[in-house]
Amino acid sequence: MSSQPISRRARPAKAPLSRDAVVRTGLRILDRDGLDALTMRRVAKELDTGPASLYVYVANRDDLMAAMLDAALAQVPLPSDAASERSWQERLRTLAADAIEAMSRHEGLAAVALGAIPTGDHALLVLDRMLALLKQGGLDDVTAAWAVDLLYLHIAAAAAEQSVHNAQATGEESVVAAADRRFTSLPADRYPMVTSLREALLSPGDRDAWGLNVLINGLLHTPAG
């Protein structure tokens, strides 16, 4: 067997770096190895480059996470402007549910949306379609604008919660089971309502859909300003 060194020229050429390549690599690491593994150094290693090279395309890890979130939102089907037999409320609920599902697929990404103003291309497309649907419902401009902020906050929170459930290891006690164990151990004289309503508090059901209905119905009867 030859022990001669391999010329650098004989090695396969590296794929050119780009923001998209950095984002795709970040998502791959996140989905394969989890949130703790997602570091700039790890992304650079996967791309066979140095960490300093990444800062041409992303400012820091937070910027990378925001770009990854926007890439995830690219998977959300956007409602058409064409006439539809479905009501604007139904289409808004579907859009919000799809956004929750897209955000929750990747551990930790939904938390990026909490407290942030969406500025990514795909996040803005989701907000733009939400605004269009809210305007179809007859909301004035300010109420529609504030409503989008409230809906996006609900979407991000619901997705963050779902992401935690998705990331739980097999055999690990679920969040609901842990809460049930804690509630069961509470003294009823100190926590009378929590203990008496324990089953209702932890009851199964599509709470995300119910929450969206509460928000949409409330928006129709609560103008801003």
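I will try to describe carefully the structure that is included in this document. Along every chain, residues carry numbers that run from 1 in the direction the sequence is written. A pLDDT threshold of at least 70 governs which residues receive local features in this predicted model, and a stricter bar of 80 or more applies before side-chain atom pairs are shown or counted, although totals over entire chains, interfaces and linings include all residues. As a rule here, side-chain values cover all heavy atoms of the structure and leave hydrogens and water aside.

1. Structural notes on empty space enclosed by the protein
Think of a 1 Å grid over the protein atoms and nothing else: a 1.4 Å probe that fits but is trapped marks a cavity, an open set flanked by protein within 12 Å on at least five of seven lines marks a pocket, and residues with an atom within 4 Å of a point count as lining. Grid points are joined across faces, edges and corners, and a volume is the space filled by probe spheres set on the points. Scanning all chains against the criterion turns up one cavity of 30 Å³ or more. Here the largest cavity defines a volume of roughly 40 Å³. Taken together, Pro79, Ser80, Asp81, Arg91, Arg129, Ala132, Leu133 and Gln136 form the lining of the largest cavity.

2. A word on the layout of surface pockets
There is about 380 Å³ of room inside the largest pocket. Along the walls of the largest pocket sit 13 residues, with Glu161, His165, Val176, Gly205 and Arg207 positioned nearest its centre. The secondary structure listing takes helices from DSSP runs of H or I that are at least 4 residues long and strands from runs of E that are at least 2 residues long, numbered from the N terminus. Contributions of two or more residues to the lining of the largest pocket are made by α8 (141–167), α9 (175–184) and α12 (207–220). For the lining of the largest pocket, the element with the most residues is α8, which contributes four residues. The class makeup of the residues in the lining of the largest pocket is six nonpolar, four polar and three charged. There is about 320 Å³ of room inside the second largest pocket. Three residue categories are used. Nonpolar comprises Ala, Val, Leu, Ile, Met, Phe, Trp, Tyr, Cys and Pro, charged comprises Asp, Glu, Lys and Arg, and polar comprises the others, including Gly.

3. Details of α8
In this scheme, a helix's expected span is set at 1.5 Å multiplied by one less than its residue total. Taking 1.5 Å per residue, 27 residues should reach 39 Å; α8 reaches 39 Å between its end C-alpha atoms and fits that length. Any N or O atom pair separated by 3.5 Å or less is treated as a polar contact, with the protein-specific requirement of one donor-capable and one acceptor-capable atom, and with residues adjacent in sequence counted only for side-chain atom pairs. Among the residues of α8, the N-terminal cap falls to Asp140, whose side-chain oxygen and the backbone nitrogen of Val142 are separated by 3.1 Å.

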